[in-house]
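Listed below, chain by chain, are the residues.
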Amino acid sequence: MIQEIPITHVLVLSSFLFFCGICGFIIRRNLITLLMAVELILNAVSINFVVFNKYLFPHQMEGLFFALFVIGIAAAEAAVAIALIINVYRRLGSIQVEDVAEMKY
Amino acid sequence: MTAGQFIFYTMAFIMVAFSVFTIFSRNILRSAFYLFCVLVTTSFLYFMLGYEFMAGVQLILYVGGIVVLIVFSILLTSHIGHKFPWPSKRKLMAGVTVSLAGFLLAVKVLCCYPFPVVHEKVKLPGMKEIGRQLLDLDTRHSGYALPFEIIGILLLAAMVGAIMIAKKEK
């Protein structure tokens, strides 16, 4: 089913998602939306791994494993980032990037 | 155009549209919902590629885990009806210019490079095969037992750290 679609189209799709994430990382000023942009970037990267595995090396599963590792790391990163965001909100009352200007404990 | 192509291009359109909405939506909860749509469509893409295990992991971990976590933190920290002001012109220009330039460069490189695509039919890997290759220690490709363990320890450390950071102080 997927053989009818050239690999370039899937890669163009995933690179669009990647640069969408980068654009969001630059223009947004809320910590949670920054986290969402990072999730978009990681998602695009894991699509790339899986697609390369499927089209170029279908007898092996290395790309699949790396996509699994990317998803695991994304989960760990999201958990820590959200804990930090909640703590910042509790201390400063805001999660805008400009308001988080002090690194003091 | 065959059915597979139709489904793929529809999914691609949905992914592109919703990722743009994720970035530019002014309501944060709506933005999280658009992110959810992008991730679900990605898991459909994995289904189309034939990796059911990967699609399941994507659905459970990304959609069931991370998006729910993000929605929880939005509900804890933001007002639901609040609309963000538009980003400043300068920032908008900078972001769009950088990402558009990068995207065009990536498309140019992708269109020029001849990928050595393998066209033969391959049997799709089952759960057993995936597990065996992931933790294989004795055959020719040595498996990924060590990264697997390290990811486990990293997840444990991240969860303990998250609880320690987010808990209320006495």
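Description of the structure in this document. (Residues numbered from 1 in each chain as written. Chains lettered and ligands numbered in written order. Predicted model: local features only at pLDDT ≥ 70, side-chain atom pairs only at ≥ 80, totals over all residues. Heavy atoms only, no water.)

## Let's talk about the overall build of chain A
Quick reminder of the rule: Secondary structure is summarised from DSSP: a helix means a run of H or I of at least four residues, a strand means a run of E of at least two, and numbering begins at the N terminus for each. Put simply, the radius of gyration uses C-alpha atoms, and a globule should come to 2.2 Å times the residue count raised to 0.38. Note on exposure labels: buried denotes an accessible area under 20% of the residue type's maximum, exposed denotes more than 50%, and partly exposed covers the range between, all computed with a 1.4 Å probe on protein chains only.
Along the backbone of chain A there are three helices and zero strands. The globule rule puts the C-alpha radius of gyration for 105 residues at 13 Å, and the 18 Å found for chain A is more than 25% above it. C-alpha atoms of chain A, sized along the principal axes, occupy 55 × 25 × 20 Å. Within chain A, the fraction of its 105 residues that count as buried is 59%.

## Comments concerning the overall build of chain B
Rule in force here: Contact criterion: two residues are considered in contact whenever any of their non-hydrogen atoms come within 4.5 Å of each other. Each accessible area is a Shrake-Rupley estimate made with a 1.4 Å probe; only the visible protein chains count as cover when residues are assessed. The convention is simple: Lys and Arg are positive, Asp and Glu are negative, and His and the chain ends are not counted. All charge positions are set by atom: Lys at NZ, Arg at CZ, Asp at CG, Glu at CD.
In terms of helices and strands, chain B carries six helices and zero strands. Reading chain B from its N terminus to its C terminus gives the helix and strand order α-α-α-α-α-α. Relative to the compact-globule value of 15 Å for 170 residues, chain B shows a C-alpha radius of gyration of 21 Å, a clear excess of over 25%. If one aligns the C-alpha atoms of chain B with their principal axes, the spans along those axes are about 55 × 55 × 30 Å. Across the 170 residues that make up chain B, the buried fraction comes to 35%. Residue pairs in contact within chain B that sit at least 24 positions apart in sequence constitute 52% of those at least 6 positions apart. In the form shown here, chain B has an accessible surface area of approximately 10,700 Å², with 74% of it arising from carbon and sulfur atoms. For chain B, the distance from the average site of its 15 positive side-chain charges to the average site of its 7 negative ones is 21 Å.

## Considering the nonpolar core
So the rule is basically this: In this description, a nonpolar core means a group of buried Ala, Val, Leu, Ile, Met, Phe, Trp, Tyr and Cys residues linked to one another through side-chain atoms lying within 4.5 Å.
Core analysis: the largest hydrophobic core is formed by 66 residues, its most contacted members being A:Ile32, A:Met36, A:Val51, A:Tyr55, B:Met54 and B:Ile70. The element that contributes the greatest number of residues to this core is helix α3 (residues 62-92) of chain A, accounting for 13 residues. Beyond its immediate stretch of four places on either side in the chain, B:Met54 contacts A:Val50, A:Leu64, A:Ala67, A:Leu68, A:Ile71 and B:Tyr46.

## A look at the pattern of salt bridges
Residue and element names in this part refer to chain A. Heads up, the condition is: Salt bridges are defined by distance alone: a side-chain nitrogen of Lys or Arg within 4 Å of a carboxyl oxygen of Asp or Glu.
Under the definition given, this model contains one salt bridge over all chains. In this structure, the salt-bridge partner of Glu98 is Arg29, at a minimum N-O distance of 3.5 Å. Of this pair, Glu98 sits in the segment after α3 while Arg29 sits in the loop between α1 (7-27) and α2 (31-56), and the two are 69 residues apart along the sequence. Among the residues examined, Glu98 registers a relative accessible area of 45% and is labelled partly exposed.

## What about helix α2 (residues 28-49) of chain B?
What sets the pattern is the α-helix's 3.6 residues per turn: residues three or four places apart point alike. Residue and element names in this part refer to chain B. Keep this limit in mind: Expected span, for any helix, means 1.5 Å times one less than how many residues it has. Distance and chemistry together define a polar contact, namely a pair of N or O atoms within 3.5 Å, with one atom able to donate a hydrogen and the other to accept it when in protein, and with adjacent residues in sequence counting only for side-chain atoms on both sides.
Its 22 residues place the ends of α2 32 Å apart at the C-alpha level, agreeing with the 32 Å of an ideal helix rising 1.5 Å per residue. Taking burial as the measure, the 22 residues of α2 include 16 buried ones, the bulk of the element. The opening residue of α2, the one whose side-chain oxygen lies 3.2 Å from the backbone nitrogen of Leu29, is Asn27.

## Some points on a nonpolar patch on the surface
Residue and element names in this part refer to chain B. Heads up, the condition is: Here the term patch refers to residues with relative accessible area over 30% and no salt bridge, with like charges joined within 9 Å and nonpolar side chains (Val, Leu, Ile, Met, Phe, Trp, Tyr) within 5 Å.
Residues Phe24, Trp86, Val96, Leu100 and Leu104 make up a contiguous nonpolar surface patch of about 480 Å² in total accessible area. Take the nonpolar patch: its biggest share by element is three residues, from helix α4 (residues 89-112). Of note, Leu104 is situated in helix α4.

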